[in-house]
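# Chains, contacts and geometry: an overview
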Amino acid sequence: MLIGTISHWRKQLLAGSISPSELVEEIARNIDSRNPGINAYISANKEAALAEAARADLSLPLGGIPLAVKDNICIQGEPTRCASRILENFVSPYDATAVCKLRAAGAIPFGRANMDEFAMGSYGKNSAFGATDNPAAPGHAPGGSSSGSAAAVAGGMAIAALGSDTGGSIRQPASHCGIVGLKPTYGRISRYGLVAFASSLDQIGPLTQNVEDAALLLNALCGHDAKDSTSSSHPTEDFTAGLGRDIKGKRIGLPKEYLSSGNDPAVAAALDKAVHTLTKLDAEVVEISLPHAEAVVAAYYIIACAEASSNLSRFDGIRYGHRTANTNGLDELYSRSRAEGFGPEVKRRIILGTYVLSSGFYDAYYAKAQKVRALVAQDFTAAFEQVDFIIGPVSPTPAPALNDTSMSPLQVYLSDIYTIPANLAGLPGISVPCPQPEGARPIGIQLLGRHFAETDLLRVASALESALA
Amino acid sequence: MDTQALIDVAYIAKLAKVELTAEETERFSGDLNQVLAYVQQLEKWDTSAVEPMYHPLPVFDALRPDVPGESLSNEAAMANAPQQEDGQVRVPKVVESAH
């Protein structure tokens, strides 16, 4: 169902066999026919995309390429709803820096991808605009929170998409939908114009059909931004430089804590296969240990919810967003607007975050979690003294059925165990699909690298992708 | 520890300024007491010699020169305001008028 990669369409555009407007029309046709069943998009403004296509500059690296954008990344003049009722009528007055950079590279933002509300969720079900189906495993969740971004790409309704990853929200839906998802190093891509969930964990990144496209998008997206004080001044590079090169002698760590009996047999088999494949490519796979691996979910949900409770306090019904019609005073205006605007998972996390930051509990929960976070980061520092990369699962299981309501919030949180560490430690991570038998649900393999080692990470990911294909 | 006693959801919801229904209060109490019971496991890690890590990478260059730049027009900044008057946001009365 895929629609052709960025490099495929760039060749077609440069050869003149299709025009940018015709490419937008082709994608719009797929959206019209498939989106009613998949619900990957909340909206798609074809007229705006066609207007940009008409003046597309094909000499630019992404010239004429339409890209889907997650609904929490601002596009000027377009709704940015974060799949929430509280922002249902919000129209962004500016472009996120990531969107500016895509435009500067010639790309055309087209389509607001559905998501878990405010990026809080693992299955795409927490959207005020309805759940998203998984085109690669119909009837199953596409993963989350970048559910629509992954489903749009997997369903041939986008060439590639932007997502955001706070605890796995790019890598896990990529894994469940059988595509590639890259979370860059913290600070690689400006967060200006990304609606904040947990500011010390959030990172924008690409969801693509292959590793090469992820490198091409990263080339356009990176760089310091004065509007995001945490964006890094680390030099950008040509992230395609390592693609197609051998990985002989690279040392890849397999954490023994990731070989849990809780992994689905299909996930364990995919990991085995990937490890075997890397060995055949003359990489050296060695067992390592991440002693605090079991602590990450507890530390993460305290930190992420604490930051969220603070970040989401701006949604108060005053300056923008939903305001209740039913109020007698300011205090009621706040609490009722928020009650009407936020969905259940967002409320749950705001309350958890408010609790762990409240007087008397701060040290026991929030400060403790930040200390355990330091221990988790130290595990990786030690591991990267022995190895160049770390391999592991993305998710303990393939995508659950869409109508599966058996999991408690805690059980859903626990499924993020393998993706959370990269966010806590700020490391780059990528999910690469491990091809499955016909009819089986997709499964991705995760590779993690040192801070700012994306070029090398993409090199190993691309070698693995080619050898698995 | 009695896990039902960990969090008073109704009180915290007031602090967070989110009005909850009785049904939500009860459901979230169950959900969050389960989550809080789970996160107690952090106690088992010795962190006496560890500094808290508030940020994944050291940030040294967060300050920039304070110079005027381009910003949104009043009209653009106000375009999303749910209620406005004379280019300003309207809110319910917050102080009693002095007589």
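## Topic: the overall build of chain B
On a plain count of helices and strands, chain B comes out with three helices and two strands. Reading the secondary structure of chain B in the N-to-C direction produces α-α-α-β-β. The burial tally for chain B puts 32% of its 99 residues in the buried class. Accessible area for chain B stands at about 7,200 Å²; split by element, carbon and sulfur atoms hold 53% of it.

## Focus on helix α8 (residues 265–280) of chain A
All names here are of chain A. Over its 16 residues, α8 extends 22 Å from the first C-alpha to the last, a length consistent with the 22 Å expected when each residue adds 1.5 Å. Those residues of α8 lying buried are Val267, Ala270, Leu271, Ala274, Val275, Thr277 and Leu278. The arc that holds every buried residue of α8, seen down its axis, measures 160°, which confines them to one face. In α8, the exposed positions angled more than 90 degrees off the buried face are occupied by Pro265, Asp272 and Lys280. Residues of α8 that are buried sit in contact with β7 (251–255), β8 (284–288), β9 (389–393), β10 (429–434), β11 (443–449) and α15 (454–468).

## Let's talk about the pattern of salt bridges
Under the defined criterion, the tally for this structure stands at 24 salt bridges over all chains. The salt bridge involving Asp95(A) is made with Arg103(A); its shortest N-O contact spans 2.7 Å. Residue Arg319(A) pairs with Asp316(A) through a salt bridge whose shortest N-O separation is 3.6 Å. In this structure Arg319(A) comes out as partly exposed when scored by relative accessible area, which is 37%. Residues joined in a network through salt bridges with shared partners are Glu345(A), Arg348(A), Arg349(A) and Asp31(B).

Thresholds, definitions, all that
Residues numbered from 1 in each chain as written. Chains lettered and ligands numbered in written order. Predicted model: local features only at pLDDT ≥ 70, side-chain atom pairs only at ≥ 80, totals over all residues. Heavy atoms only, no water. Helix = DSSP H or I, 4+ residues; strand = E, 2+ residues; numbered from the N terminus. Buried < 20%, exposed > 50% of the residue type's maximum accessible area, 1.4 Å probe, protein only. Areas by Shrake-Rupley, 256 points an atom, 1.4 Å probe, with all protein chains shown as cover. Expected span 1.5 Å × (residues − 1). Arc of directions from axis to C-beta. Contact = heavy atoms within 4.5 Å. Salt bridge = Lys/Arg side-chain N within 4 Å of Asp/Glu carboxyl O.

These figures capture arrangement, not role.
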